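A structural walkthrough
Chain residues, written in single-letter form:
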Amino acid sequence: MNENNQINPPPISDGGGGGGEPTNNTPPISNGKNTPPPSPMGGAGGGQPANTPPLLEIENLNVSYFTRKGEVPAVLDFNLTLNAGESVGLVGESGCGKSTVSFAVMNYMGANGAITGGRVKFMGRDMAEMSAEELRDLRGSKIAMIYQEPFAALNPCMTMGAQLTEVPMFHENISEKEAQERAAQILSDVRLPDPARIMAAYPHQLSGGQQQRVVIAMALLSNPKLLLLDEPTTALDVTVEAAIVNIVSSISQKYGTAMIYVSHNMGLILKTCERVCVMYSGQVVESGEVGEIFQNPRHPYTRGLFGCIPNMTADKNSRPLSPIRGQLPLATERPRGCYFGPRCDFFEKERCGEDLIKIENAGGGHMARCVKWSEIDWAKHKPETAQRERAVIGETLVNVRDMKKYYELPSAGFFGGAKKVKAVQDLSFQARQKQIVAIVGESGCGKSTFAKVLMGLEDGTGGKIVMGDEDLAALPVEKRDEEMIAAVQMVFQNPNDTLNPSHTVGKQIARSIRKLGAASGEEVERKVDRLLDLVKLPRSYKHNKPSQLSGGQKQRIGIARAFAGKARLVVADEPVSALDVSVQAAVIDLLLDIQASHDTTMLFISHDLSLVRYLADNIIVMYLGRIMEQGLTKDVFAPPYHPYTESLLSAVPVADHRVEKEEIILEGELPSPLNPPPGCPFSSRCPRKLGEICDKELPPKRDFGEGHAIYCHINPAELKKSPPVFRMTKQPPQQPPQPSQPQQQPQPAV
Amino acid sequence: MLLMMLTMSGIVFLILELDPEGVARKALGQFSTPEQRVAWLAENGYFVTAPAGASLGAKKHEDAGRFVYRATETKAVVYRAPPEGVQAPPQRTALTRMTPEQLEVLRKMEPLRISAIPRYVKWLGKFVSGDFGPSYRFKVPVAEILWPRLKNTAILAGTAMFFMIILSLFLGVMAGMREGSLQDRVFSVFAIITTSVPEFASAVLLVAVFVFWLEWLPGTSTMIGGFEWKQLVMPVTALVLYSAGYVARITRASMADVMRSPFIRTAVLKGIPYGRVIVRHALRNALITPVTVILLQLPWMLSGVIVVESFFAYKGFGSLLWEATKFDDPFLIEACALVAVVVVVATQLIADIIYTFLNPRIRFQ
Amino acid sequence: MKKSLAAVLRIRESGVGVAGASICLFWAFVAVFADVISPFDPLQQLSPLASPGEAVEGGTMLLGADFLGRDILSRIIHGTRTVFIWAPIATASAYFVGVIFGLVGGYYGGWLDDVISFVANIILAFPVLILLILIISLLGPSGASIVVAVTFASSPAVYRIVRGEVLTIRSRDFIAAAKTRGESVVYILFTEILPNAKSPLIVDACLRMGYTTIFIGILGFLGLGFPPPTPDWGGMINENRSMAISFPHMTVFPCLAISSLVLGLNLLADGIREVAQKV
Ligand SMILES: Nc1ncnc2c1ncn2[C@@H]1O[C@H](COP(=O)(O)OP(=O)(O)OP(=O)(O)O)[C@@H](O)[C@H]1O
Ligand code: SF4
Ligand code: SF4
Ligand SMILES: [Mg+2]
């Protein structure tokens, strides 16, 4: 690092003037993704003459991992050229090799990985030929990386300050003091309040969003030319994700940093990148300009993916999902010919099932790895999707009134007095027969706690959950009779946890059938078969242990188990959040079919707004244990909004280039449930906060008819004025005017 | 910690002192008569005692008809009268001067014992004040023999600890640094072999090699002619080999775990030099577990010390305990056990402190 | 049945495991056929102080004789039986106690768990050997008191492992699923939780068997083991130890026997762990 004089990164805060007033919030930086990349300004940006090589060239890259079972090819024939300041997205489902590519760019393959073919050239130099010392020099200074799990990526035994300062100290030989100044500067650039406190903190003392900002700061310290982002926001809540994405794109714009953005989320890629590579099972199946790919996808897999993503503007009755059948092949069990063959509707044995498929140019920079890319007539192709009738909603089945659940935390000191976490407060709603009621909210809002009380796994602290003539809140599961137990069942979140790994699938289903009183004796075996049919799994699977099943298949078994008896109410706690999109759609479809055919009421708990929008009849939006807004789905997703719902909606990345939306970036972090704001729970982050009244008083319920209620101090007329968050446009979206937002937000309590 | 110390001493008490008759038998030998034992117990405060000539005794006997007092020269023992209401013997008869009939009556009576809890309090109080009682085998007060022996053991165990720590941490870190490499395999094989050879076996094998075959070292470590480092070599080696293997395995696992962790990857990809990655990022995290394990290894080493000292006839705490057990020397055993309790509790305390110090997650909740 | 056999045979996938299993099987074979393969009667006094390879009436003393003239090899062979009878019994007993307490403590938590854990920690922190010595000196030396002593000293460690496993397993969704279909606590503990704690417990059982073997050896070595003239490896070292310097063969071979068995068990444990991690 001794070329010229490295210039310190100038402050990013464009409004605040050098971060002089750290307490003043800078206005949200507009996401200028649609404006052309700024011409690199002088200094560190690297204004290259036209004849210099591109920043990064990846040619025919092959990467394999070597395990006991033999070689596992993780990435095959990967090509990419990236110029300074460009941003390219890598999308694909888990295991398709996205992370492997990004680590290969760092030339870091771990203990058992190796590049088995091809080249990675950085600024024209083959990285394989660099010495260890040269590589070290490059890493962290020219190429930097941001990781999926910020907590794991930070050293638990070192302060943030020490971890930050060592980067410039080793790359630029500057003094510790100077490094500290620079670190503090960059911390305020990523909008972390009080850099001094952050520098002195250990990772476990920060929230997930703060940790990720530190990791970003660490990557930016030496002003890299290339930034690799490996699912930087997957572990975070949507509102935090939106803030982070905003920071990343504004920074890359400012300095002309090139980015490789790895994600499984199409919406995020659309928001952040100019070009995209869609990966499937180790190969790029389609690549090109983002707009082109979204408008005119050529590869059946890409098409399929779009069909699997619930859309913010449609629901299950108007536009059902069209899942891709089957599942991802294991890296060791790829089929001959086209890897997507077994799942593709256009598969032809002779053309697709023999030789490896080559990637072809489909016009412009648009590449597709499909022999039939030019032949398929997408207009005619109608994937099989069950058209659903709108269900006739029946009588009230469950009536929840003022439900409360407090947890007592053992106090740390001797005389500290036990602390109370108010996980759920004053939750009231009704669920009718055949209805799907969804509870949405970010982590820690009390969704799962409510499910536990409902299932009788925890005792409620107050309030009632009336079903029939029983109060479920006062009836722990041990005290419920068989009929009640069978009537209220649950589908769990984590596919790897939902089944007992020690017993075969058949045994577990049979046990449920017996315990729920659905059948006995000989009859059980037949019922097991019927349930497997119901969830569309081969009957032979009953002899398998859960470890032999894929995630989606395990979830299906979980669903079969819940419907083994006569379930009248099924609680589904994030049943698909751990699954890949293509599998997710199929499982959701199945769940909806069974729910409809069994006339079951479903309580669907999720953090995914688009999913909820797709399937729910009624929605309850929660924040920090309290209801913010509730009502029919169509009402919740249209003005008037609760300010929190509005922010949530605007934070959701939408995988549809035609949708244009408001940008509302929330400042600050989710308050700790131990110490929630006394008035409106959302007051510490609310962009529309009125003032003192929000801090002090619980907001009143504003009724908008048809059960649509908003809990907010803003008066109803004012609420009705806000424009819809989503708008459909046909023409390429233009920079939406920034809504005027109050500037005097409070310093978030962290 | 205090609670722990109390409970541990309670366990020692339960095992050794719950049955006073047993203690008396050990003190006086297998062939002592019941009377001798009773007298011994009275003398050592196991029964409710009253000073000789106390009028209290006679009165009680007359009043309630339930108690009988028997006095030696200095003490009186309280007996509970037998249920059938046997004729009570004369009061305040000296033990030696009792008639056979009187003895017969006495024998049927049940000594009125002090219940276990007050006895435990008294017993503990004695130890805390440094009064360990007499040693019957060495014919001196226990304290007189215990302290020099402890000092010797401190030398032995301290030396062993020193080498064990250096060896095990070094091997463990080197092996864990590059998991699956040649050095890892070699060190791991070495570690698993040494953990499989208990101290007494390695002592025997060391003697066979270095004393019998090579004739390099003395076969015992009695230190009769004064302290000699040479005599310390083999006991220390035997101790170090066994525990170093164990700690090295733990260090290796911990180090390998850390090296696989994402934050090491972060450090490497930050482009800081490899040496600094190891020293600054890996070691600190990797040593948290082994350091606490090492301290908790001390009690284990005490076990080893018993074996090794008795094998090499080293005059330390371990061989003392062993001899005390062999010769059923009750107060000596108790003293040794309680010393062990103190050592254990102290190391636990230190381990806790060091753990808190090393692990910021505990330090800054 | 076939499946469990297949599971056992998976140890072949690990080189270390194969080595360990072979050593253990070798000693098990010796224990079973001790009467057939031992050249002499282990108690018969033939030629005192005979050195290895010395011929006496009725054969050659391959490993020599002890101070009473008993054949060392025969005594080692018969000593295998002592170990193979008492070490598994003592270990199993420790497991029984540790598993029960661990399941109950881990599942219910609260004060019950606090109390059990406290006691377990105390016993664990106490020097094992001193504990064993104290217990044996209380009960007198015999096989049964070895079982009691080992149970007392080892079950807290088992408890800790079981408890840790239960704590992680009980928070998993399939336990919640079992509860929501109305299963009893006993069913949950033994059918839902225990089978999932299997592999760390098996690994630990091998290691613990090694420890128990060492304990029995040490007790024998200190003269607190089986009363003579029982052929017992530790006891043999003790009997001949005054002559260890001049006649090492009397003590070296029993030492090698113990060490190799423990090594076998340790390697087996490593192998099982390796195989279990692969899945
Ligand atoms: N260290 C490893 N050893 C063996 N196989 C590996 C290793 N790391 C990854 N793989 C395999 O390589 C393939 C690609 O993995 P990679 O992590 O790059 O996928 P990904 O697209 O990043 O997935 P995700 O979305 O889950 O992060 C997968 O089949 C994976 O199982
Ligand atoms: S190559 Fe054939 S199987 Fe593969 S995606 Fe194209 S049409 Fe489908
Ligand atoms: S009550 Fe106040 S703080 Fe809460 S959402 Fe409404 S405006 Fe925002
Ligand atoms: Mg990945």
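All figures in this text were calculated on a predicted structure; none of them were measured in a lab.

Another point: the overall build of chain B. The helix and strand inventory of chain B stands at 16 helices and six strands. Buried positions account for 53% of the 365 residues belonging to chain B. For chain B, contacts bridging at least 24 residues in sequence account for 68% of all contacts bridging at least 6. Roughly 16,800 Å² of accessible area belongs to chain B as shown, and the carbon and sulfur atoms make up 66% of that amount.

Within the structure, ligand 3 sits among 13 residues, and Cys680(A), Cys686(A), Cys694(A), Cys712(A) and His713(A) are positioned closest to it. Partitioning the shell around ligand 3 into residue classes produces eight nonpolar, three polar and two charged.

Across the contact, 37 residues belong to chain C and 45 residues belong to chain B. Taken together, both faces of the contact between chain C and chain B bury some 3,700 Å²; the carbon and sulfur share is 81%. Counting the contacts that link chain C with chain B gives one salt bridge. Of the charged contacts, one joins Arg249(B) and Asp270(C) as a salt bridge, the two residues approaching to 3.1 Å between their closest N and O atoms. Seen at the junction of chain C and chain B, the total is five residue pairs in polar contact (both at pLDDT 80 or more). Broken down by secondary-structure element, the contributors of at least two residues to the side of chain C that touches chain B are α5 (110–125), α6 (128–139), α10 (198–221) and α12 (249–278) of chain C. Looking at which element gives the most residues to the side of chain C that touches chain B, the answer is α12(C), with 11 residues. Here the side of chain C that touches chain B is built from residues that sort into 28 nonpolar, seven polar and two charged.

Once that is clear, we can look at the sheet that holds strand β12 (residues 367–368) of chain A. Backbone-to-backbone hydrogen bonds pair the strands of a sheet. The strands run either parallel or antiparallel. Residues and elements named next belong to chain A. On the basis of which strands lie adjacent, the open sheet formed by eight strands has the order β6-β7-β8-β3-β9-β10-β12-β11 and mixed pairing. If you trace the sheet from one side to the other, it starts and ends with β6 (143–146) and β11 (360–361), each paired once. As judged from the two bridges shared by strand β10 (residues 283–289) and β12, these two strands associate in the antiparallel manner. Residue pairing across strands places Ser287 opposite Met367, the latter belonging to β12. Each of β9 (275–280) and β10 is contacted by helix α11 (residues 300–308), which is oriented at about 95° to β9, the strand it contacts most.

With that settled, consider the site of ligand 2. By nearness alone, every residue bordering ligand 2 is listed as His299(A), Pro300(A), Cys338(A), Phe340(A), Gly341(A), Cys344(A), Phe346(A), Phe347(A), Cys352(A), Cys370(A), Val371(A) and Lys372(A). Looking at the shell around ligand 2 residue by residue, the class counts come to nine nonpolar, two polar and one charged.

To continue, consider the side chain of Glu86(A). Secondary-structure assignment places Glu86(A) in the loop between β2 (70–82) and β3 (87–91). Setting aside residues up to four positions removed in sequence, Glu86(A) forms contacts with Thr81(A), Thr257(A), Ala258(A), Met259(A), Glu274(A) and Arg275(A).

Next up on the list: the confidence of the model for chain A. All names here are of chain A. A residue-level look at chain A finds 88% of positions with pLDDT of 70 or above and a mean pLDDT of 82. In the model, residues 1–49 has pLDDT below 50 throughout and makes 72 contacts with residues more than four positions away in sequence or in other chains. Counting contacts from residues 732–750, a segment whose pLDDT is below 50, to residues more than four positions away or on other chains yields 33 contacts.

This part takes up the sheet that holds strand β4 (residues 113–122) of chain A. All names here are of chain A. Ordered in space as β2-β1-β4-β5, the four strands form an open sheet in which the pairing is antiparallel. Across the chains shown, the open sheet's two edge strands, defined by having one partner strand only, are β2 and β5 (125–126). Relative to β4, strand β1 (residues 56–67) runs antiparallel, the two sharing eight bridges. For Ser64, the partnering residue across the bridge sits in β4 and is Ala114. With respect to the sheet, helix α1 (residues 98–105) is in contact with β1, β2 and β4, its orientation differing from that of β1 by roughly 115°.

Within this structure, the stated rule accounts for 19 aromatic pairs over all chains. The interplanar angle of 50° and the centroid separation of 6.2 Å between the aromatic rings of Phe103(A) and Tyr108(A) together place this pair among those described as tilted. Aromatic side chains Tyr644(A) and Phe682(A) sit 5.0 Å apart centroid to centroid with 65° between the ring planes, which places their arrangement in the edge-to-face category. Here the residue Tyr644(A) occupies a position in helix α22 (residues 643–651), and Phe682(A) occupies one in the loop between β23 (659–661) and α23 (692–696), the gap between them amounting to 38 residues. Among the aromatic residues, those joined into a cluster by ring pairs are Phe200(B), Phe311(B), Phe312(B) and Phe221(C). The ring of Tyr407(A) has Lys405(A) sitting right over it, with the charged end atom 4.9 Å from the ring centre. Taking NZ or CZ as reference, Arg511(A) lies 3.7 Å from the ring centre of Tyr187(C), over its face.

Before going further, it helps to examine the interface of chain A and chain B. On the side of chain B, 21 residues touch chain A, which itself brings 26 residues to the contact. Taking both partners together, chain A and chain B bury about 2,300 Å²; carbon and sulfur atoms supply 63% of that area. The interface formed by chain A and chain B holds two salt bridges in total. A salt bridge links Lys270(B) to Glu166(A); the nearest nitrogen and oxygen atoms lie 2.8 Å apart. Listing elements by their share of the side of chain A that touches chain B, those giving two or more residues are α3 (150–153) and α4 (160–172) of chain A. Examining the composition of the side of chain A that touches chain B, we find that six residues originate from one element, α4(A), more than from any other.

Turning our eyes to something else, we now look at a nonpolar patch on the surface. All names here are of chain C. Residues Phe29, Val32, Phe33, Val36 and Ile37 make up a contiguous nonpolar surface patch of about 480 Å² in total accessible area. Contributions of two or more residues to the nonpolar patch are made by α2 (15–32) and α3 (34–37). Looking at the element boundaries, Phe29 is found in helix α2. Exposure remark for Phe29: the relative accessible area of 45% places this residue in the partly exposed category.

The next thing to look at is the state of the cysteines. According to the stated counting rule, one finds zero disulfides over all chains in the structure shown. Left without a disulfide partner, Cys445(A) is nearest to the cysteine sulfur of Cys680(A), which lies 14 Å away.

For the rest of this paragraph, the subject is the domain arrangement of chain B. Residue and element names in this part refer to chain B. Segmentation of chain B into domains returns domain 1 (2–129) and domain 2 (140–364). Domain 1 puts 15 residues into the contact, and the matching count from domain 2 is 13 residues. Secondary structure elements with two or more residues in the side of domain 1 that touches domain 2: α1 (2–17), α2 (20–28) and α6 (116–128). Looking at the side of domain 1 that touches domain 2 element by element, the count peaks at seven residues for α1. Within the side of domain 1 that touches domain 2, the residues separate by chemical class into 11 nonpolar, two polar and two charged.

Residues and elements named next belong to chain A. With respect to the secondary-structure elements, Asp589 resides in helix α19 (residues 581–597). On the basis of relative accessible area, Asp589 is assigned to the buried category, the value being 11%. C-alpha separation for the pair Asp589 and Cys445, spaced 144 residues apart in sequence, amounts to 27 Å.

In this section: helix α11 (residues 262–269) of chain B. Within α11(B), six of the eight residues are buried, leaving the element largely enclosed by the surrounding structure. For α11(B), every residue scored as buried is listed here: Phe263(B), Ile264(B), Thr266(B), Ala267(B), Val268(B) and Leu269(B).

Turning to the packing of helix α7 (residues 143–170) of chain C against α10(C), a few remarks are in order. All names here are of chain C. Between α7 and α10, the least distance of the axes is 11 Å, while the angle of their chain directions is 155°. With respect to their mutual orientation, α7 and α10 come out roughly antiparallel. The interaxial crossing formed by α7 with α10 has right-handed handedness. Here α7 contributes Ile146, Val150, Ser154, Ala157, Val158, Ile161, Val162 and Glu165 to the contact with α10, which in turn contributes Pro200, Leu201, Asp204, Arg208, Thr212, Phe215, Ile216 and Leu219.

Taken together, the side chains of Asp469(A), Glu470(A), Asp481(A), Glu482(A) and Glu483(A) present a region of like negative charge at the surface. Within the secondary structure, Glu483(A) is located in helix α14 (residues 482–487).

All names here are of chain A. Within the secondary structure, Thr504 sits in the loop between α15 (495–498) and α16 (505–515). Given the relative accessible area of 13%, Thr504 is considered buried. Those residues within four positions of Thr504 in sequence are excluded, and the remaining contacts are Lys542, His543, Asn544 and Lys545.

Residues and elements named next belong to chain A. Counted by the stated rule, this structure contains 52 salt bridges over all chains. Of the charged contacts, one joins Glu172 and Arg182 as a salt bridge, the two residues approaching to 2.8 Å between their closest N and O atoms. In this pair, Glu172 sits in helix α4 while Arg182 sits in helix α5 (residues 176–189), placing the two residues 10 residues apart along the sequence. For Glu172, a relative accessible area of 14% puts it in the buried group. The residue Glu458 makes a salt bridge to Lys405 at a minimum N-O spacing of 3.8 Å.

Criteria and thresholds
- Residues numbered from 1 in each chain as written.
- Chains lettered and ligands numbered in written order.
- Predicted model: local features only at pLDDT ≥ 70, side-chain atom pairs only at ≥ 80, totals over all residues.
- Heavy atoms only, no water.
- Helix = DSSP H or I, 4+ residues; strand = E, 2+ residues; numbered from the N terminus.
- Buried < 20%, exposed > 50% of the residue type's maximum accessible area, 1.4 Å probe, protein only.
- Contact = heavy atoms within 4.5 Å.
- Areas by Shrake-Rupley, 256 points an atom, 1.4 Å probe, with all protein chains shown as cover.
- Near = heavy atom within 4 Å.
- Nonpolar A, V, L, I, M, F, W, Y, C, P; charged D, E, K, R; others polar.
- Buried area = accessible area lost by both parts, 1.4 Å probe.
- Salt bridge = Lys/Arg side-chain N within 4 Å of Asp/Glu carboxyl O.
- Polar contact = N/O pair within 3.5 Å; in protein donor to acceptor, adjacent residues only side chain to side chain.
- Pairing = 2+ DSSP bridges.
- Axes fitted to C-alpha atoms, helices over the stretch in contact; angles between N-to-C directions.
- pLDDT = per-residue confidence, 0-100.
- Phe/Tyr/Trp six-rings, centres within 6.5 Å; stacked < 30°, edge-to-face > 60°.
- Lys NZ or Arg CZ within 6 Å of the ring centre and 35° of its normal.
- Patch = residues over 30% accessible without salt bridge, like charges linked within 9 Å, V, L, I, M, F, W, Y side chains within 5 Å.
- Disulfide = S-S within 2.5 Å.
- Domains from an automatic or database assignment.
- Parallel < 35°, antiparallel > 145°, perpendicular 65-115°, else oblique.
- Left-handed = near helix turned anticlockwise from the far one by under 90°.
- Lys, Arg positive; Asp, Glu negative; His and termini not counted.
- Charge placed at Lys NZ, Arg CZ, Asp CG, Glu CD.

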